[in-house]
Amino acid sequence: MLSNTSIQKYLDSGDITISPWEEDMMDAARITLHLGENILIPQGDVVVDVRNNVLPQYQEAHIDSEAPFALKSNMFILGETFEDIGLSERVGMLIDGRSTLARLGISIAQTAMIIDTGQQPKKMTFEIRNGGPHTVLLYPKMKF
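This report concerns the structure included in the present document. (Residues numbered from 1 in each chain as written. Predicted model: local features only at pLDDT ≥ 70, side-chain atom pairs only at ≥ 80, totals over all residues. Heavy atoms only, no water.)

Of the regular secondary structure elements, the protein chain holds two helices and 12 strands. Moving toward the C terminus, one meets the helices and strands of the protein chain in the order α-β-β-β-β-β-β-β-β-α-β-β-β-β. For a compact globule of 144 residues, the expected C-alpha radius of gyration is about 15 Å, and the protein chain comes in at 16 Å, within 12% of that figure. Counting only C-alpha atoms and orienting by the principal axes, one finds that the protein chain spans roughly 45 × 35 × 25 Å. Expressed as a percentage of the 144 residues in the protein chain, the buried residues total 35%. Of the contacts made within the protein chain by residues no fewer than 6 positions apart, 70% connect residues no fewer than 24 positions apart. Here the protein chain carries 12 positive and 19 negative side-chain charges, and the mean point of each set is 6 Å from the other. (Helix = DSSP H or I, 4+ residues; strand = E, 2+ residues; numbered from the N terminus. Rg over C-alpha atoms; globule rule 2.2 N^0.38 Å. Buried < 20%, exposed > 50% of the residue type's maximum accessible area, 1.4 Å probe, protein only. Contact = heavy atoms within 4.5 Å. Lys, Arg positive; Asp, Glu negative; His and termini not counted. Charge placed at Lys NZ, Arg CZ, Asp CG, Glu CD.)

Tallied over the full model, the rule gives one aromatic pair. Ring centres of Phe126 and Phe144 lie 5.2 Å apart, and the angle between their planes is 40 degrees; on these two criteria the pair is classed as tilted. With Phe126 in strand S11 (residues 122-130) and Phe144 in the segment after strand S12 (136-138), the pair connects residues that are 18 residues apart, well separated along the chain. An identical accessibility class is assigned to Phe126 and Phe144; each is buried. Its guanidinium or amino end placed over the ring of Phe82, Lys123 lies 5.9 Å from that ring's centre, counting from NZ or CZ. (Phe/Tyr/Trp six-rings, centres within 6.5 Å; stacked < 30°, edge-to-face > 60°. Lys NZ or Arg CZ within 6 Å of the ring centre and 35° of its normal.)

Below you can see the structure in the form of structure tokens.
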């Protein structure tokens, strides 16, 4: 884990790029990312067979501030970061959830927490699951 001072050095050197960038995204030992406008919702009642490449289909959805997405209890979706993130070969990153969302039962990384080194700037994936009892509205650009 890096301190905010060390993270800032990597941002200044270009080893970490985040666009758009706002100074208030930096906090002690972390950068706050935001939910993007596009999500993928798994469709149908399919028996997944990874070995035989039988995978679920996804419906694309767009959310905006006037039409948030209602993430129901026990629902799973894929989201993306609002920001494009790039990493040099010198640095990797972990994506982890916010405690304010965790207290609602929302997790954003099921297993794929690592952003590998050497990533060209792009949106990163959130694996969003509502393990809580309440429906939670998801808005674009909300802190994730």
